Amino acid sequence: MTWWRRIALAVLAVLLLAAAAAATYVVRVLPQTDGSFRLAGPGAEIRIERDAEGIPTIHAGSLEDAAFGLGFVHAQDRLWQLETHRRIGAGRLSEAFGEAALDNDRFLRALGVRRAATAQWARTGPQARAVVLAYTAGINSYLRDAMKARPPEFVVLGLAPEPWTPEDTLAWAIMMAWDLGGNWSTELLRMRLSLKLPVARIDELVPPYPGDKPLPTADYAALFRSLRVDGKLGQQAQAAAPESGLEGIGSNNWVIAGSHSATGKPLLANDPHLKLSAPALWYFARLEAPGLKVAGATMPGLPGVVLGQNEHVAWGFTNTGPDVQDLYLERISPDDAGRYQTPEGWARFETFEEVIKVKGGPDVTMTARATRHGPVISDAGRATEGLTGPADKPAYALAMRWTALDPDAGAGTLDASIGFNRAQSVAEFVAASAAYVAPMQNMVVADRDGHIGVVSAGRVPLRRPDNDLRGLVPAPGWEARYDWAGWLPAQLTPRELDPARGWIATANQKIHAADYPHYIGSEWAAPYRQQRIEELLAARPTHDMGSLAQMHGDVVSLATRRLLPFLQKAHSTHALAGAAQRQLEGFDGTMRAEGAAPLIFWAWARQLAQGLFADEMGAALWERAGRSFRDATEAVLERNDGWWCDDKGTPAVETCQQQIDAAFTRALDELQASQGADPAAWHWGRVHIARSEHRPFSHVKLLARWFELRTPVGGDSYTINVSRVNLRPDRTTGELYLDEHGPSLRALYDLADPAQSRVMHSSGQSGIVFSSLYHRFVGRWAAVEYVPLWGGKAEQTLVLVPGS
């Protein structure tokens, strides 16, 4: 045999061995779903039956064993997701991902999420404690006794999974509240704007809810000038913080009484709009134990069904959007940087030494601080740079008061969640909601006896009558009038039971009537989704599961209809203007993925808002504001407001019509460059792609194509079938108009026949990329299809047997 043949055979042997090793790894990394395991932990045998979609039904002898089983299957199918949830809550991403995650970790250490979770665990009552401990034991039992190979993310990054702790569960609950609460960022935005604009103009740029007047406040622009707040606005506002309260994040829910349903019993629909991820935030499961039979959407890291149906009730949530975050300027003593001013004099900051481990680099140490109001978030660095004074000697620190960080917040929310899973009536569900703290949610509920209701559950702070800033901007922390004055009693939050109209709907709109006597907040979502839901509910005398599914898929944008006449009258000398206007003929705001008109509209609207507002805001703040300013744009055009329409950067005085026309020309330039010279061939779905991000491999080009999930979608930020339009170029790919936030879950519940209840989330049950269940749901999710909630035939059965 010649030497080259020997080499070829050797190479072939190595390749075959590598292929065999890879094939063995793929088999071993997938969870065992048949047979049995003998495990320490459960009190009795636990039977886990999975259907063809990979959805488990957990049969247990107690509530605690059901939680153990849920922890076990979460670890089997979503171990890397649990790892990222744990690291986010602890501020330990840099340890896995390197320096790129350091700013995020700094912010979370400053915010004190893990410290708050530890305090909350110490206050957790016996029932919730038992459930969380059992759930924790289920995760760790899998790690210790049943895992045969680490998921690929661990292997690629050189990590080993660590044991789960109860504090990890409470930290993740805080992070979900963070994701849904963004009032603090709007306070910072107003503060930065006030260094450029008077309050009256800020109220036009960040206007109140339609029909409301701006909240009367002190002249905070003058206040910040008198305090000599630093005017260097070129820093990255909120760069260090995880995303929270983004415009376009919300949810829909509605419930129909039996008098308006084809079954004679209530029907309930829900679709929470959250960050799309691979795998999805949600994991479907069914839990059965004495006194418990519940199915629905669970969330890895949390022990129980978050949204779903039991034998008696079904429920769904939308975000209320209350003002439960206040920022405080804490004046630092010029003589002692370790002290800050209070109404009673100078007090010492509480300090916490933090060590952040960074992969590939040295450890980073930081001192986190807290005041009587809460954590000092300016200790994170860039989120507040330029606002608190020179870096070498800041005059102020910026502290946050937030309900989700309260020592009893986690315990109350856990107790409420257990109550929801076990509720036997609308009345019991509403009673259980009294313990719920954060994030405040509009909870619609229906029971088999025919009752329907909604309760906005969560802790709401009371503010003093002499608080003349109303929580809209950071307040002087040394003045007692800006402190919270207690809590709104739980029974006084907005609610409605069995209304005569026969239905209830919420879509993050202003949740209460004008005569409601208590202040919940003022930053509600634009009412377009709510208005469209009400239109469709009124369009039929009775509804069935089919009509509710059609509503879930509706892509009519009432917001587009409002601005569309201005675009249709736009003029341009651009060579494609005529062809583009022909694509707009007959367009009624239906945002179909295959149409050109939605793309033309959004490109124009994006260019128009920038033309109207970027000159007054400044380029840096415009780029980092994270808003579409659609409400401000509508108002400027409708009142033909020349002040905003004039470009302050030119000597000419531009009119609103000139801005409309110029935006059309710029939009056509953009689309010609990216989509070609034939507007008839432009498609909204070609750029408006639902992207489910994988942490961290979406940011690794070689791996993104395997781990990230993508599908073209219709709709926009204002349709019932929401697909939030990203108006800033993606940091990794540079793409415009991506959809990264949408219906992370869709659910329809039939109270007459639970077998007809159906659900869908945005990825698949497995978080392991080699599994066929990793992306099983993507196509059906995009097509607004469902799988049965209560399942069908068991395809695999795994038995967990107690014993060591």
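Residues numbered from 1 in each chain as written. Predicted model: local features only at pLDDT ≥ 70, side-chain atom pairs only at ≥ 80, totals over all residues. Heavy atoms only, no water.

### Side note on the overall build of the protein
Each helix and strand in the protein was counted, giving 25 helices and 29 strands. Over its C-alpha atoms the protein spans a radius of gyration of 27 Å, differing by no more than 12% from the 28 Å that the globule rule assigns to 804 residues. With respect to the three principal axes, the spread of C-alpha positions in the protein is 80 × 80 × 70 Å. The burial tally for the protein puts 60% of its 804 residues in the buried class. (Helix = DSSP H or I, 4+ residues; strand = E, 2+ residues; numbered from the N terminus. Rg over C-alpha atoms; globule rule 2.2 N^0.38 Å. Buried < 20%, exposed > 50% of the residue type's maximum accessible area, 1.4 Å probe, protein only.)

### Remarks on the environment of Ala681
Within the secondary structure, Ala681 is located in the loop between helix 22 (656-675) and helix 23 (684-687). For Ala681, a relative accessible area of 32% translates into the label partly exposed. A C-alpha to C-alpha distance of 18 Å links Ala681 and Leu736, two positions 55 residues apart in sequence.

### What to know about the sheet that holds strand 15 (residues 396-402)
An order of 15-10-19 is seen for the three strands of this open sheet, with the pairing classed as mixed. Either end of the sheet is taken by a strand with one partner, and the two such strands are strand 15 and strand 19 (475-476). Pairing of strand 10 (residues 325-331) with strand 15 involves seven bridges; the strand directions are antiparallel. Across the sheet, Asp326 pairs through a bridge with Arg401, a residue of strand 15. Packing against the sheet, helix 9 (residues 183-194) makes contact with strand 10 and strand 15, and its axis sits at approximately 50° to strand 10. (Pairing = 2+ DSSP bridges. Contact = heavy atoms within 4.5 Å. Axes fitted to C-alpha atoms, helices over the stretch in contact; angles between N-to-C directions.)

### Things to note about the packing of aromatic side chains
Scanning the model with the defined rule gives 28 aromatic pairs in all. For the pair Trp80 and Phe97, a centre-to-centre distance of 6.3 Å together with 50° between the ring planes defines the contact as tilted. Placement of Trp80 in helix 2 (residues 63-90) and of Phe97 in helix 3 (residues 94-97) is noted, with a sequence separation of 17 residues between them. Phe97 gets classed as partly exposed once you look at its relative accessible area, which sits at 23%. Between Trp684 and Tyr737, the aromatic rings sit 6.2 Å apart at their centres with planes inclined by 55°, giving tilted as the arrangement. (Phe/Tyr/Trp six-rings, centres within 6.5 Å; stacked < 30°, edge-to-face > 60°.)

### Observations regarding the side chain of Ser763
Topologically, Ser763 is positioned in the loop between strand 27 (758-761) and helix 25 (778-782). What makes Ser763 buried here is its relative accessible area of 0%. For Ser763, the side chain forms a polar contact with the main-chain nitrogen of Ala280, separated by 2.8 Å. If sequence neighbours within four positions are ignored, Ser763 has contacts with Arg78, Ser277, Pro279, Ala280, Leu709, Tyr774, His775, Arg776, Phe777 and Val778. (Polar contact = N/O pair within 3.5 Å; in protein donor to acceptor, adjacent residues only side chain to side chain.)

### Structural notes on the packing of helix 6 (residues 126-146) against helix 12 (residues 409-422)
Here helix 6 crosses helix 12 at 80°, and the two axes come no closer than 9 Å. In terms of orientation, helix 6 lies roughly perpendicular with respect to helix 12. Residues Gln127, Ala128, Val131 and Val132 of helix 6 form the contact with helix 12, whose participating residues are Leu414, Asp415, Ile418 and Arg422. Split by residue class, the contact of helix 6 with helix 12 holds five nonpolar, one polar and two charged. (Parallel < 35°, antiparallel > 145°, perpendicular 65-115°, else oblique. Nonpolar A, V, L, I, M, F, W, Y, C, P; charged D, E, K, R; others polar.)

### A look at the sheet that holds strand 7 (residues 292-298)
Pairing is mixed in the open sheet, where 11 strands are placed in the order 1-29-2-3-6-7-8-9-16-17-21. Whereas interior strands pair on both sides, the edge strands pair on one side only; in this sheet they are strand 1 (35-39) and strand 21 (495-497). Here the average twist between neighbouring strands, direction ignored, is 20°. Here five bridges tie strand 7 to strand 8 (residues 305-310), and the two strands are oriented antiparallel to one another. The residue of strand 8 that forms the bridge with Ala295 is Gln309.

### Here's the deal with the nonpolar core
Counting residues in hydrophobic clusters, the biggest one holds 231 residues, and the most contacted among them are Trp254, Trp315, Trp402, Trp604, Phe613 and Tyr737. If one sorts the elements of this core by residue count, helix 18 (residues 597-617) sits on top with 14 residues. Dropping the residues within four chain positions of it, Phe613 is found in contact with Leu205, Trp622, Phe629, Ala632, Thr633, Val636 and Trp644. Val460, Tyr516, Ile520 and Trp524 belong to the second-largest nonpolar core, a separate cluster that totals eight residues. (Core = buried A, V, L, I, M, F, W, Y, C linked by side-chain atoms within 4.5 Å.)

### Details of the state of the cysteines
Going through the model one piece at a time under the given rule, you end up with one disulfide. In this model Cys645 forms its disulfide with Cys656; the gap between the sulfur atoms is 2.0 Å. Given an S-S torsion of about 95°, the disulfide between Cys645 and Cys656 has right-handed geometry. Residue Cys645 is located in helix 21 (residues 642-645), and its partner Cys656 is located in helix 22; the two are separated by 11 residues in the primary sequence. In this structure, Cys645 and Cys656 share a single accessibility class: buried. (Disulfide = S-S within 2.5 Å.)

### Topic: the environment of Ile504
On the secondary structure map, Ile504 appears in strand 22 (residues 503-506). Note: C-alpha distance between Ile504 and Asn253 (251 residues apart in sequence) is 8.3 Å.

### What to know about the confidence of the model for the protein
Averaged over every residue, the pLDDT of the protein is 94; the share at 70 or more is 94%. The model gives residues 232-239 a pLDDT under 50, and that stretch makes 26 contacts with residues more than four places away or in other chains. (pLDDT = per-residue confidence, 0-100.)

### Some thoughts on the pattern of salt bridges
According to the stated counting rule, one finds 47 salt bridges in the structure shown. Across the salt bridge formed by Asp336 and Arg348, the nearest N and O atoms sit 2.8 Å from each other. Placement of Asp336 in the loop between strand 10 and strand 11 (339-342) and of Arg348 in strand 12 (residues 345-348) is noted, with a sequence separation of 12 residues between them. A residue is classified by how much of its surface remains accessible, and Asp336, at 26% relative accessible area, is partly exposed. A salt bridge links Arg606 to Glu670, with the nearest nitrogen and oxygen atoms 3.0 Å apart. Placement of Arg606 in helix 18 and of Glu670 in helix 22 is noted, with a sequence separation of 64 residues between them. Residue class for Glu670 comes out buried when judged on its relative accessible area of 15%. Among the ionic contacts, a cluster of salt bridges with common partners joins Lys275, Arg691, Glu693, Glu708, Arg710, Asp730, Glu735 and Glu740. (Salt bridge = Lys/Arg side-chain N within 4 Å of Asp/Glu carboxyl O.)

### Re helix 4 (residues 102-111)
Note: α-helices contain 3.6 residues per turn, so residues at a spacing of three or four share the same orientation. Counted residue by residue, helix 4 has nine buried out of 10 residues, so it is predominantly covered. Of all the residues in helix 4, the buried ones are Leu102, Asp103, Asn104, Asp105, Phe107, Leu108, Arg109, Ala110 and Leu111.

### Structural notes on the environment of Gly361
Along the chain, Gly361 falls in the loop between strand 13 (350-356) and strand 14 (364-370). Counting along the chain gives 263 residues from Gly361 to Gly98, while the straight-line C-alpha distance between them is 7.5 Å.

### A look at the pairing of strand 4 (residues 251-256)
The buried fraction of strand 4 is high, at six of six residues. Alternating positions in strand 4 separate into two faces, Ser251, Asn253 and Val255 on one and Asn252, Trp254 and Ile256 on the other, with burial throughout. As judged from the six bridges shared by strand 4 and strand 5 (residues 267-275), these two strands associate in the antiparallel manner. Counterpart to Trp254 in the pairing with strand 5 is Ala269.

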